[in-house]
Amino acid sequence: MTALRNLSPEEVPSGEGESELESIEREKREAAFREGIYEIYECCAVCGSRIEGPDGSHNLEAAHILPKSQGGPDVLQNGVALCKRHHWAFDSGWFHITTDYDIVVHDQSELAGYNEIEAYEGVSLDVPDAQSLRPHPTYLRQRKPSETSQE
C-alpha cells in the first residue's frame, strides 16, 4: 500500500477493464452460449422465422433474458433465439415474457410499428421440448417488464 502513494495518477492501476485472459474467457462463454441457443432453437421463438443467407448466415440472435448488465449468466436457460427484429423489440421494452412463456406486449399504441408487435400479444413462445432447456422462470421474473438493455 505504501508503494502506491509514490505513484503518479497515471501509474496507479485503475482496476477497470478486464485482463486479456478474462476477455478470452468471456468470448468463449459468449460463443458457447450463442452456439447452444442455435442448437436448441431452430427459429425465432416469437414469430417462427429463420432466414438463411447464401453465405450460411441467418437472422437469429441469441438473446439473454436477464441481461448481462444485470448479472444474467451465459446459460441456456437464460437465453432464447430471436430474429433480429424481435431481439431488438425485446431489448427495447416492447414486450416481456411471462413464466408461462406468454408474450405480453406493452401498450405503446402511439409508436410506429405498434400493430406489428401487438399482433404477438398472448402468443406463446416456442420453447424447447426438454423442460431443462426452457427459459428458467427465475430469469423471466428477474427481468423487469419495462427494462431495456443493450447486449
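Residues numbered from 1 in each chain as written. Predicted model: local features only at pLDDT ≥ 70, side-chain atom pairs only at ≥ 80, totals over all residues. Heavy atoms only, no water.

(A) Structural context of helix α3 (residues 84-91). Here α3 has its buried residues at His86, His87, Ala89, Phe90 and Asp91. Buried residues belonging to α3 abut β1 (60-64), β2 (79-83), β3 (95-97) and α4 (114-118). Of the residues one or two after α3, glycine 93 is the one with positive phi, at around 90 degrees. (Buried < 20%, exposed > 50% of the residue type's maximum accessible area, 1.4 Å probe, protein only. Helix = DSSP H or I, 4+ residues; strand = E, 2+ residues; numbered from the N terminus. Contact = heavy atoms within 4.5 Å.)

(B) Representation of the pattern of salt bridges within the structure. Under the definition given, this model contains six salt bridges. Across the pair glutamate 61 and lysine 84 runs a salt bridge whose closest N-O atoms are separated by 3.3 Å. One end of the pair, glutamate 61, is in strand β1; the other, lysine 84, is in helix α3, with 23 residues separating them in the sequence. Its relative accessible area of 22% is what places glutamate 61 among the partly exposed residues. In this structure lysine 84 comes out as partly exposed when scored by relative accessible area, which is 47%. Across the salt bridge formed by arginine 85 and glutamate 116, the nearest N and O atoms sit 2.7 Å from each other. With arginine 85 in helix α3 and glutamate 116 in helix α4, this pair connects stretches of sequence that are 31 residues apart. Taken together, the salt bridges that share partners define one network made up of Arg29, Lys68 and Asp74. (Salt bridge = Lys/Arg side-chain N within 4 Å of Asp/Glu carboxyl O.)

(C) Spotlight on the pairing of β2. Burial analysis of β2 places five of its five residues in the buried class, the great majority of the element. Going residue by residue along β2, you find Gly79, Ala81 and Cys83 tucked away on one face and Val80 and Leu82 tucked away on the opposite face as well. Here β1 pairs with β2 via five bridges, running antiparallel. For alanine 63, the partnering residue across the bridge sits in β2 and is valine 80. (Pairing = 2+ DSSP bridges.)

(D) Spotlight on the packing of aromatic side chains. Using the criterion set out here, one finds two aromatic pairs in the structure. Ring centres of phenylalanine 90 and phenylalanine 95 lie 5.3 Å apart, and the angle between their planes is 35 degrees; this geometry places the pair in the tilted category. With a relative accessible area of 2%, phenylalanine 90 lands in the buried category. A residue is classified by how much of its surface remains accessible, and phenylalanine 95, at 3% relative accessible area, is buried. Above the ring of phenylalanine 90, the side-chain terminus of arginine 143 is found at 3.8 Å from the ring centroid. (Phe/Tyr/Trp six-rings, centres within 6.5 Å; stacked < 30°, edge-to-face > 60°. Lys NZ or Arg CZ within 6 Å of the ring centre and 35° of its normal.)

Shape descriptors only; they carry no functional weight alone.
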